[in-house]
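Coordinate analysis (summary)
Given next are the chains, with one letter for each unit.
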Amino acid sequence: MSSTLPIAGDRARERLVQALSAVAGGDRKALKTVYDLTAAKLMGVCLRICQDREAAEDVMQDVYLKVWDRAGRFDASRASPITWLCTIARNTAIDWRRARGLGETAPVEAALALPDGRPSAEALLEAGETQARIFDCIEALDEKPRAAIRAAFFQGCTYSELAQVAAVPLGTMKSWIRRGLLQLRGCLGDG
Amino acid sequence: MADPLRPEEEEVVLAAELVLGLLEGEDLAAARRRQLADPGFAEAVERWVRDLAPLVLGGVDGPVPAGLWQRIATRLPAADQGTVVALRRWRATAIAASAAAAVLLAIVLLRPMPQPVVLPPPPVVVAQMTGTEGAVFAARYDADQGMLHVRTESMPSSSRAPELWVIPAGGKPVSLGLLANRGGRDMAVSPAHRALMAEGATLAVTMEDAATAPHAGPSGPPVAAGKITIL
């Protein structure tokens, strides 16, 4: 997995935090810095969800305009900057996908068959997500709940969409996912 | 149907379903209402948001086309330095104030249900959180009537009066008028301002001179701020 940030670990994170803080104060050059440091990573997130190059580029514009508006809300003591930015990208891309409705975008089958995307240890360190137990916990799930939970996270699929794609009754899909979610919470802990 | 869940399991599962976006229709609306009304559930939601967030880091990088930054730069609001910077700082303060939860103003917008409903209309829910500074305002807005009801739960003692502002995402504060020093006040939102009462907008309260209100802009930092949530 290639690393997005050109310098390692804490320094990259610190630089991003400082740039976001400057963006909150209205510094356009700082937004360009944020863009340079994160565009490839966020483009990956948008492409994965939109499954369409042109759409992902449109979504990316909206993402950085949101970053411009919301930078003042970023709190470095509560969130890692790259995770915060990726979450904005994910939510914006999912909104795009939902606005178009299921069926007009890439097949959800693709989502159910998404490759495992475990970031490198280096990428997690950069993100400050050292305790990212979620990857181990997701891997520990049975295949069906794992695929369905990942599809929900990355495609914004609802229960009924997932049931339709997997060609199982709604109750079966709910049962798989709910069991998986309880197992996930048990693995993650209550902390 | 799915297996029945124990109540404590139900809370954990429903919180995850909300975070993952699995819910639709009335189930979704009910979960969002519960998030506002039930602090234990809201905490379960926050925990899932935090725990699941790193998943988004798991993808590969994408190809960034050459002209993309230029397209973003041209869509940024025109640089009108002095006021824009001052305004952004003010807004950042308002937002930080709400994030710190030292003070809070919560608003719930009721949106007409998208489809004819058989169920009775959902109850109006207003979320409140209190903090160390102790300023708390709770707001409820009826979009059909354009009526805003704001309760002043507690407020810093001041010779000035609380003035309410709505701040659209990326926009500047617009005064909605003075609030009551104590108790509730119904305010008619003028048709010109109703479109501002949208999800993503921030409501903020500053202490201002009552005699000259409403003002074109706030004169000091917000004592309370919060985001608008639509149910």
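Everything quoted here is computed from the prediction, not taken from an experiment. (Residues numbered from 1 in each chain as written. Chains lettered and ligands numbered in written order. Predicted model: local features only at pLDDT ≥ 70, side-chain atom pairs only at ≥ 80, totals over all residues. Heavy atoms only, no water.)

1. Here's the deal with the packing of aromatic side chains
Residues and elements named next belong to chain A. Within this structure, the stated rule accounts for 4 aromatic pairs over all chains. Between the aromatic rings of Y35 and Y64, the centroid separation amounts to 5.1 Å while the plane-to-plane angle is 65°, which identifies the pairing as edge-to-face. With Y35 in helix α2 (residues 28-50) and Y64 in helix α3 (residues 53-70), the pair connects residues that are 29 residues apart, well separated along the chain. Residue Y64 is classed as buried on the basis of its relative accessible area of 0%. Look at F74 and W84: their rings are 5.1 Å apart centre to centre, the planes differ by 55°, and that puts the pair in the tilted class. Here F74 is found in the loop between α3 and α4 (81-100), whereas its partner W84 is found in helix α4, with 10 residues between them in sequence. No difference in accessibility class separates F74 from W84, as the two residues are buried. (Phe/Tyr/Trp six-rings, centres within 6.5 Å; stacked < 30°, edge-to-face > 60°. Helix = DSSP H or I, 4+ residues; strand = E, 2+ residues; numbered from the N terminus. Buried < 20%, exposed > 50% of the residue type's maximum accessible area, 1.4 Å probe, protein only.)

2. Observations concerning unusual backbone geometry
In this chain, A213 of chain B is followed by P214 of chain B through a cis amide linkage whose omega measures -5°. With respect to the secondary-structure elements, P214 of chain B resides in the loop between β7 (202-208) and β8 (224-230). The backbone phi angle of Q51 of chain A is positive, close to 55°, even though this residue is not glycine. Within the element layout of this structure, Q51 of chain A appears in the loop between α2 and α3. Q51 of chain A sits in the partly exposed class, given a relative accessible area of 40%. A positive phi is found at A167 of chain A, a non-glycine position, where the angle reads about 55°. The topology assignment puts A167 of chain A in the loop between α9 (159-166) and α10 (170-188).

3. Section: the state of the cysteines
Residues and elements named next belong to chain A. A complete count under the given rule lists 1 disulfide over all chains for this structure. Here C137 pairs with C187 through a disulfide, and the sulfurs are 2.0 Å apart. When the S-S torsion is -80°, as for the bridge of C137 with C187, the disulfide is left-handed. In this pair, C137 sits in helix α7 (residues 134-139) while C187 sits in helix α10, placing the two residues 50 residues apart along the sequence. Of the residues examined, C137 reaches a relative accessible area of 1% and is grouped as buried. (Disulfide = S-S within 2.5 Å.)

Just geometry here; none of it tells us what the structure is for.
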